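Observations on chain architecture
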Amino acid sequence: MLLRTRFPGNNKRWPTGLWRAGYFGRESIQRLYSTSTPRITKREDNKGSLQINWEPQTNTQSRFDYIWLRDHCLCTSCVHPKTKQRMLNTFEIPNNIKPLRADNRQDGLVVVWPHEHESVYPWEWLKRHSYDPPIVQSSQPQQVLWNSQISNSPPTVSYEDIMKPGEQGDRALLHWLSTIHTYGFSFISGVPPTASATETLVRRIAFIRETHYGAFWEFTSDLGKGDTAYTNLGLDVHTDNTYFTDPSGLQLFHLLDHSRDSNSLGDQTTSGDQTTLGGQTILVDGFHAASLLRSNHPSSYHLLSNLRVPSHASGDFSSSGYIFRTEHPTAGYPVLTHNPSTDQLVQVRWNNYDRAPIGSTFLDANSALSNAKLIPKFYSALSHFHAILSSDESRYVVQLKPGTAVVLDNHRVLHGRTAFTGRRRMCGAYVGADEWRARLAGLRFTFEDEPSSV
């Protein structure tokens, strides 16, 4: 039995058989807990910097340049109190600026600059923005990696709770978005099986991202768009929008009905009949799959983290007039994208259906890696990754039903479906990655005192 993680809150129980994400980076995460006030240990005016000692017991220190400190003054003359935008003219700060005084205080570092301009830097703010060295302190819930065992206790939230007015509904929304952050997906139960109710649910998160498929979409297997999703064929697991510079962040699906007779619009099947019609949804945690690839085939992991793979979408050109493709010299994006500072995996971008031809552009874009065996190595790496994605252990297969929607982090969870018969009507929409993460950050700031980055 898998135990649910409860968010928000401090008592977190991690599900049996699941894994905490955190070993994707080369850099170890430093968590600093100090009971004493940090203090200035050294002023080096000749070098234009000072040094803060965070923990006397461990001698953990950070160095801050004077020009950086002056540029990051938080007073209301330098940062607008309402907009949080910078008002200080950075380019009027002398490169060799030095403080008149610098003192320790319980609530932070106090620096007095020329013309008696006083800056106060809260200790936690300084620690969070430390750059020499970087100190990673993530207060967000850790991500939980999962496999097929997630079927025992899939993350689920209530539509009724999310749609409640006021603070109660906003706290439910925080719980929902935190769940998506943690697991990469979530079911929403009790959704009225209508397109309008589903659209209202999506807009509860943020505004909808419109693409060449439209804004909020409703579709059947009628090839209404030039995409295999608009057929009754099975689809292997994939992420969407691999041909975009910025693939959509969230994707929400809701099965409105699935009828046995493709000509009948009203005869919805029973749940027992529905399973015989096919159309099961397949979900795979791309981060978990990547962790297995890294452990079992490190050279393949390295290739898929560095090779730029081209993608395109042109099947809808006749009706939409759009052709999307990753152009030279970019020539695509790696299947696995990492944070350049921490080396943590942040995105899986894989869709074999939309992969463009591998040719000279591919070799040019990957010239630093090119050799006579690059193409065979590339296909070998893809095969290793595909084997993990296709394994029964990785795949969570579920039959969607009217009234239960599912939302996916398109940068992490791959989705697919089995082939089906009859008439299957779906609806859903995309939400941008920046938008849903900003919504989560705003809710956390409101209800969990998560400090802003300003």
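If you're wondering where the values come from, they're calculated on a predicted model, not measured in any experiment.

Taken in spatial order, the three strands of this open sheet run 5-6-7, and their pairing is antiparallel. Unpaired on one side and paired on the other, strand 5 (101–105) and strand 7 (117–121) mark the two borders of the sheet. Averaged over neighbouring strand pairs, the angle between their axes works out to 20° when direction is ignored. Pairing of strand 5 with strand 6 (residues 108–113) involves five bridges; the strand directions are antiparallel. When the sheet's bridge partners are listed, Arg101 is paired in strand 6 with Val112.

The subject of this paragraph is helix 12 (residues 433–447). Every α-helix winds through 3.6 residues per turn, so residues three or four apart in the chain are directed the same way. With 15 residues, helix 12 extends 21 Å between its outermost C-alpha atoms, agreeing within 8% with the 21 Å of an ideal straight helix rising 1.5 Å per residue. Tucked inside the fold, the buried residues of helix 12 contact helix 4 (166–183), helix 5 (195–205), strand 13 (250–259), strand 20 (405–409) and strand 22 (423–431).

Before going further, it helps to spend a moment on the nonpolar core. Nonpolar side chains tend toward joint burial in soluble globular proteins. If you look at the biggest cluster of nonpolar residues, it comprises 31 residues, and the most contacted ones within it are Trp176, Ile188, Leu201 and Ile205. Going through the elements one at a time, helix 3 (159–162), helix 4, helix 5, strand 13, strand 20, strand 22 and helix 12 are the ones with two or more residues in this core. Per-element accounting of this core gives the leading share, six residues, to helix 4. Excluding its chain neighbours within four sequence positions, the residues that come into contact with Trp176 are Val157, Ile162, Ser186, Ile188, Leu201, Ile205, Leu252 and Val407. By size, the runner-up hydrophobic cluster in this structure holds 26 residues, among which are Leu293, Leu336, Leu345 and Leu382.

Turning to the packing of helix 4 against helix 5, a few remarks are in order. Two measures define how a pair of helices packs: the angle their axes make with one another and the distance between the axes. Packing of helix 4 against helix 5 leaves a shortest axis separation of 10 Å and a crossing angle of 85°. Considered as vectors, helix 4 and helix 5 are oriented roughly perpendicular to each other. Contacts from Gly169, Asp170, Leu173, Trp176 and Leu177 in helix 4 reach Leu201, Arg204 and Ile205 in helix 5. Considered class by class, the residues forming the contact of helix 4 with helix 5 number five nonpolar, one polar and two charged.

Further remarks concern unusual backbone geometry. The omega angle of the peptide bond from Asp132 to Pro133 is 5°, so this bond is cis rather than trans. Along the polypeptide, Pro133 turns up in the loop between helix 2 (123–128) and strand 8 (144–145). For Lys84, which is not glycine, the phi dihedral falls at a positive 65°. Position of Lys84 among the secondary structure elements: in the loop between helix 1 (66–71) and strand 5. The class of Lys84 is partly exposed, set by a relative accessible area of 48%. Its identity as a non-glycine residue notwithstanding, Asn241 has a phi of 65°, on the positive side. Judged by relative accessible area, which is 1%, Asn241 ranks as buried.

Attention now goes to the pattern of salt bridges. A side chain of one charge can pair with a side chain of the opposite charge when the charged atoms of the two come close. Overall, the coordinates contain 20 salt bridges when judged by the stated rule. For the salt bridge of Asp45 with Arg43, the shortest nitrogen-to-oxygen distance reads 3.2 Å. As a salt-bridge pair, Arg203 and Glu199 come within 3.0 Å of each other at their nearest N and O atoms. One end of the pair is Arg203 and the other is Glu199, both in helix 5 and four residues apart, which spans about a single turn. Classification of Glu199 by relative accessible area gives partly exposed; the value is 24%. Beyond isolated ion pairs, a larger network of salt bridges with shared partners links Glu218, Asp257, Arg423 and Arg425.

A few words on the packing of aromatic side chains. This structure, assessed with the given rule, holds 14 aromatic pairs. Aromatic side chains Phe64 and Tyr131 sit 5.9 Å apart centroid to centroid with 85° between the ring planes, which places their arrangement in the edge-to-face category. Placement of Phe64 in strand 4 (residues 60–65) and of Tyr131 in the loop between helix 2 and strand 8 is noted, with a sequence separation of 67 residues between them. Classification of Phe64 by relative accessible area gives buried; the value is 0%. Between Trp68 and Tyr131, the ring centres sit 5.3 Å apart and the planes meet at 50°, which makes this aromatic pair tilted. Highlighted residues: Trp68 in helix 1 and Tyr131 in the loop between helix 2 and strand 8, separated in sequence by 63 residues. On the basis of relative accessibility, which here comes to 16%, the residue Trp68 falls in the buried class. By the ring-pair criterion, three or more aromatic residues cluster together here, those being Phe64, Trp68, Tyr121, Trp125 and Tyr131. Sitting over the ring of Tyr333, Arg349 keeps its end group 4.0 Å from the ring centre.

Calculation criteria
Residues numbered from 1 in each chain as written. Predicted model: local features only at pLDDT ≥ 70, side-chain atom pairs only at ≥ 80, totals over all residues. Heavy atoms only, no water. Pairing = 2+ DSSP bridges. Helix = DSSP H or I, 4+ residues; strand = E, 2+ residues; numbered from the N terminus. Axes fitted to C-alpha atoms, helices over the stretch in contact; angles between N-to-C directions. Expected span 1.5 Å × (residues − 1). Contact = heavy atoms within 4.5 Å. Core = buried A, V, L, I, M, F, W, Y, C linked by side-chain atoms within 4.5 Å. Buried < 20%, exposed > 50% of the residue type's maximum accessible area, 1.4 Å probe, protein only. Parallel < 35°, antiparallel > 145°, perpendicular 65-115°, else oblique. Nonpolar A, V, L, I, M, F, W, Y, C, P; charged D, E, K, R; others polar. Salt bridge = Lys/Arg side-chain N within 4 Å of Asp/Glu carboxyl O. Phe/Tyr/Trp six-rings, centres within 6.5 Å; stacked < 30°, edge-to-face > 60°. Lys NZ or Arg CZ within 6 Å of the ring centre and 35° of its normal.

Structural measurements only, silent on function.
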